[in-house]
Amino acid sequence: MPKALEGIRICDFTGQLAGAGATRWLAAFGADVVRIEDPVNQGAWDILRSMPPFVDERRGHDFGGGFNNHNVGKRGITLNLRTARGKEILAELVKRSDALTENFAAGVLEKWGFGYERLKALRSDIVYVSNCGFGHRGPYASFKTWGPIVQAVSGLTFTSGLPDRGPAGWGYSYMDHTGGYYMAMAVLLALIHRQRTGEGQWVDMACCETGLTLHGPAILDYTVNGRPMRRPGQPDGNRSEWPAMAPHGIFPARGEDEWLAIACRSDADWERCGGVIEEAWAQAPEWASLAGRIAAQDALEERIAAWTATRDKFEMQRAFQAAGVPAAAVQKPEERIEHDPATQGLWPTVHHREMGDVRVDGLPVRFSETDWEVSRGGPCLGEHTEEVLGEWLGLGSAEVAELRESGVV
Amino acid sequence: MSALAGLHIVELAHERGALAGKLLADMGADVVLVEPPGGAPQRSNGPFVDDVPDRERSLSWWHYQTSKRGIALDWRAAAGREALLALVASADLLLECEDPGVLEAAGLGDDVLTGAHERLIHVSMTPFGPDGPRRHELATDLTLLAGGGPAWSCGYDDHSLPPIAGGGQQGYAIGCHYAVLSALTAVLHRELGGHGQRIDVSMHQAANVTTEMATYHWLVRQGTVQRQTGRHAMEQLSMPSQMACGDGHHVNTGVPPRTPAEFAKLVSWLEELGVKDEIPEAVFLEMGAARDSIRLADIGVDDEVTAIFAAGREAMAFLAGRLPAQEFFLGAQRAGLPVGVIHSPEEAFEDPHFVARGMQVAVEHPALGRTVTYPGAPYAFEKSRWAISRPAPQLGEHSDEVLEAVGIDAAGRAQLRAEGVLE
């Protein structure tokens, strides 16, 4: 199958998930993504290189399970940018790149002498996409972040929680994933613009800002109606205010830490629920209307929880779905990865030079003509230095060996 | 020039996919939103302007439909279907979220859509994909987050409380992000000389691969993460990282100080505030600052290192309890310690940093005679800028101009209106 992004070259300084997640998408569609890492500190800037989980007892910068997951399909080289020769080589790579991507703290690339003005001088139509927590401009440009801090500052942590209990937040770096998605969009948008106009540009992404846009209706309620989200009773757990639904929640099921989500979209849905529950309270006339159910939400949820707590979550899911009510078991990783027919094909096995065959995240899409492919594991440190310098710059093995001797690669 | 100027998109209105259309429209694509006569159901989602329910006053509608034009057309009826096909014939991309089989049943199967138009990019987003045994299951934002994995990782240390699905319809947003990535990839491929194609996005799968460690801990070592209050779900219980501050607002205390430089910064911050003497463990902070290096592996092994780390945590907790959340955040960040204030959405929106970067965007609503402030760009493009080019369409606002442009003249439109197919 042809590749959608064949021929696109990315000079990639990204790391962690917020950056690496972006170029992961591009690589899966055939872009030539070359990660550039520091040989002196052994790529340690991307801490995931040596972080758990591990496939076996081996440790070190080629064994991080998360790193492998986020960098499949990319090639990796090392380049010492403290040396003049290293900088020259980077300049040559930039001249041959369609885009340069990075998620360092603001100013790092500039410090190395590769700020946007320099990049543009090297290649006039370069697409440069930077992604950091607060962006490169503004009062907090020097502040540092990671996923949970981005979520905190952008409003996402606050809106996940039960009233009067403090935030539950997101139990993972949702904004690293999502920041990566927007970063990949930014690369694609800027490449489309370049294709049409011949013009390159810099996209300054501030991940907190991206997160802030994900609460649009709540912000309009504030700017138009003056109603803040910080008010008694908010956030309201798993309830749904807009659109208004009740019951709408996650209820206990039989077993240890087992749960079922139910969302009644309408009075008709509730009537169908009543048909499944088959108890008098579920047919009570005062709960027939949405207004009645919202007014009595605490009591309603208590009744439902008592009913669901003695039943199997998947059996309930099947019964509610058969009756026409949206319901889903809260699936544990094993359940959704190993036993769910709707995720078949989503977990490709890649070959990693050191770790061997490992399963990783696939892409949740299917293209009829230029589908994605994920088969090569994340690059070991410097795995493709010779290959890439040969292909991109025409350097021979003797020259690369010399660079290696002098500590440039 | 906008990045997507001149790209014609037809979007069939659906609550699941509205954000995808908005992201493309705000980058300059001409998105024509097709909703049924009488209005799409999402027009009745609150909140409403001045709390007055009305199909033109839904703020959810306003937010998710910016920069789009709108027509009200019943494409399930035969005459409406022909009008939709005329629209699609002149479009680059069709974005729709109908349940599997719905388009085919309306006479709009792949053969009909792409048969006439090989450059068409058709992005279809469904809860569980177009095939497989679960394809007809019902889904909402909540059930997608529950079944797809995110909810398992989110909630409190106390597991008698349910997992919490984050707010703001993120289950739909995750699917929309993949729909937009797909659309842009296919558009770029076409720009580079390729053809059109059909793309299927599974929202359930999208949620599954937006769960970070929960998934790869299972894939790599069959480990199962457990949810923990305000921090990463992990296989093991970790130290709390969220605190209530002096004003009752919360902060994420981030990664506690770990390097001698960070201990030095912490000490100087305490001195600046004049509270160093109130902390009995301050001596350990100074010891941390004076060391050449601190090995994380020595925590719990080396008494001095253990005491230094404990003192770092305690000092951060002391400061958080003493200061209002925003002050703690600013003070720590200025001292070089990465922490985050837990803003509500409106507090984030009013934060001076985002205001300075242009996050507050004024949009004219001529129909109501009001100017409304919207959240701005998710990314700052230097040249092909993000912009809200118009407010959400009123019902049928562009029915005439859109259909006129594809060759359906006044008489034809009158006929469609008489049949109740067009509004």
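Residues numbered from 1 in each chain as written. Chains lettered and ligands numbered in written order. Predicted model: local features only at pLDDT ≥ 70, side-chain atom pairs only at ≥ 80, totals over all residues.

A. Local environment of the overall build of chain A. Helix and strand content of chain A: 16 helices and twelve strands. Along the first, second and third principal axes, the C-alpha set of chain A runs to 85 × 50 × 40 Å. The buried share of chain A, reckoned over its 409 residues, is 56%. If you take every contact in chain A between residues at least 6 apart in sequence, the share linking residues at least 24 apart comes to 67%. (Helix = DSSP H or I, 4+ residues; strand = E, 2+ residues; numbered from the N terminus. Buried ≥ 20, exposed ≤ 12 C-beta atoms within 10 Å, placed from the backbone. Contact = placed C-beta atoms within 7 Å.)

B. Summary view of the interface of chain A and chain B. Contacts between the two partners involve 130 residues from chain A and, on the opposite side, 129 residues from chain B. At 16 residues, the largest contribution of residues to the side of chain A that touches chain B is made by helix α7 (residues 174-197) of chain A. Across the side of chain A that touches chain B, the residue classes break down as 73 nonpolar, 39 polar and 18 charged. Note that strand β6 (residues 201-206) of chain A and strand β14 (residues 380-381) of chain B share two bridges and pair antiparallel. Looking at the pairing, V203 of chain A lines up with F381 of chain B of β14 of chain B. (Nonpolar A, V, L, I, M, F, W, Y, C, P; charged D, E, K, R; others polar. Pairing = 2+ DSSP bridges.)

C. Quick peek at helix α1 (residues 18-26) of chain B. Residue and element names in this part refer to chain B. Of all the nine residues making up α1, nine are buried; the element is thus mostly covered by neighbouring parts of the structure. Where α1 is buried, its residues touch β1 (8-12), β2 (30-35), α2 (59-64), β3 (68-72), β4 (93-96) and α7 (170-191). One or two residues past the end of α1 sits G28, with phi positive at roughly 105 degrees.

D. Representation of the pairing of strand β4 (residues 99-102) of chain A. Residues and elements named next belong to chain A. Every second residue of β4 is oriented toward a common face, with A99 and T101 on one face and L100 and E102 on the other, all of them buried. Examined bridge by bridge, β4 and strand β5 (residues 127-132) share four bridges and lie parallel to one another. Of the residues in β5, the one forming a bridge with L100 is Y128.

E. Just the domain arrangement of chain B, in detail. As assigned here, chain B comprises domain 1 (8-210 + 358-418) and domain 2 (250-341). For domain 1 of chain B and domain 2 of chain B, the distance between their C-alpha centres works out to 47 Å. (Domains from an automatic or database assignment.)

F. Here's a closer look at the sheet that holds strand β12 (residues 365-367) of chain A. Within the open sheet, the seven strands sit side by side as β12(A)-β6(B)-β5(B)-β4(B)-β1(B)-β2(B)-β3(B). Their pairing is mixed. Where the open sheet ends on each side, the last strands, each with one partner, are β12 of chain A together with β3 of chain B. The mean angle between the axes of side-by-side strands here comes to 20 degrees, regardless of whether they run parallel or antiparallel. Across the sheet, α7 of chain B is in contact with β12 of chain A together with β4, β5 (121-126) and β6 (197-202) of chain B; its angle to β5 of chain B comes to roughly 165 degrees. (Axes fitted to C-alpha atoms, helices over the stretch in contact; angles between N-to-C directions.)

G. Structural detail: the environment of G246 of chain B. Residues and elements named next belong to chain B. Tracing the backbone shows G246 in the loop between β9 (242-244) and β10 (250-252). You can call G246 partly exposed: it has 14 C-beta atoms within 10 Å. Between the C-alpha atoms of G246 and E327, which are 81 residues apart in sequence, the distance is 9.8 Å. Contact partners of G246, with chain neighbours within four places excluded, come to G321, R322, L323 and P324.

H. Molecular detail of the sheet that holds strand β8 (residues 259-263) of chain A. Residues and elements named next belong to chain A. Spatially, the three strands line up as an open sheet ordered β7-β8-β9, and their pairing is antiparallel. Edge strands, defined here as strands with exactly one partner in the open sheet, are β7 (248-252) and β9 (327-329). Going across the sheet, the axis of each strand differs from the next one's by a mean of 20 degrees, ignoring polarity. Note: β8 against β9, three bridges, orientation antiparallel. Following the sheet pairing, I262 is matched in β9 by A327. Contacts between helix α12 (residues 297-308) and the sheet are confined to β7 and β8, with β7 contributing the most and set at about 40 degrees to the helix. Sitting on the sheet, helix α13 (residues 313-323) touches β8 and β9, and the angle it makes with β9 is about 165 degrees.

I. Region of interest: the pairing of strand β1 (residues 9-13) of chain A. Residue and element names in this part refer to chain A. Most of β1 sits inside the fold, with four of its five residues counted as buried. Sheet topology note: the β1/strand β2 (residues 32-37) ladder contains four bridges and is parallel. Looking at β2, one finds that R9 is bridged to D32. With helix α1 (residues 20-28) bridging β1 and the parallel β2, this β-α-β connection has right-handed handedness. In terms of strand pairing, β1 meets β4 through four bridges, oriented parallel. Bridging across to β4, I10 finds its partner in A99. (Right-handed = clockwise from strand over helix to strand, strands pointing away.)

J. Just the domain arrangement of chain A, in detail. Taken as a whole, chain A is organised into domain 1 (9-212 + 344-405) and domain 2 (259-329). The C-alpha-based centres of domain 1 of chain A and domain 2 of chain A are spaced at 45 Å.

K. Layout of unusual backbone geometry. Cis rather than trans, the peptide bond between P52 of chain A and P53 of chain A has omega equal to 5 degrees. Within the secondary structure layout, P53 of chain A lies in the loop between β2 and α2 (65-70). Residue P47 of chain B is bonded to the preceding G46 of chain B through a cis peptide linkage, with omega at -5 degrees. In this structure, P47 of chain B sits in the loop between β2 and α2. Phi at Q16 of chain A takes a positive value of approximately 50 degrees, unusual for a residue other than glycine. Mapped onto the elements of the fold, Q16 of chain A is located in the loop between β1 and α1.

L. Structural context of helix α12 (residues 303-322) of chain B. Residue and element names in this part refer to chain B. The terminal C-alpha atoms of α12, which comprises 20 residues, lie 28 Å apart, in line with the 28 Å expected from a rise of 1.5 Å per residue. For α12, every residue scored as buried is listed here: V305, I308, F309, A311, G312, A315, M316, L319 and A320. Where α12 is buried, its residues contact β9, β10, α10 (260-273), α11 (282-290) and α13 (325-334). (Expected span 1.5 Å × (residues − 1).)

M. Geometry of the packing of α10 of chain B against α11 of chain B. All names here are of chain B. Put simply, α10 and α11 touch, their axes get as near as 7 Å, and they point 140 degrees apart. By the angle between their axes, α10 is oblique relative to α11. For the pair α10 and α11, the sense of crossing is left-handed. Between α10 and α11, the contacting residues are P260, F263, A264, L266, V267 and L270 on the first element and A282, L285, E286, G288 and A289 on the second. Looking at the contact of α10 with α11, its residues break down into nine nonpolar, one polar and one charged. (Parallel < 35°, antiparallel > 145°, perpendicular 65-115°, else oblique. Left-handed = near helix turned anticlockwise from the far one by under 90°.)

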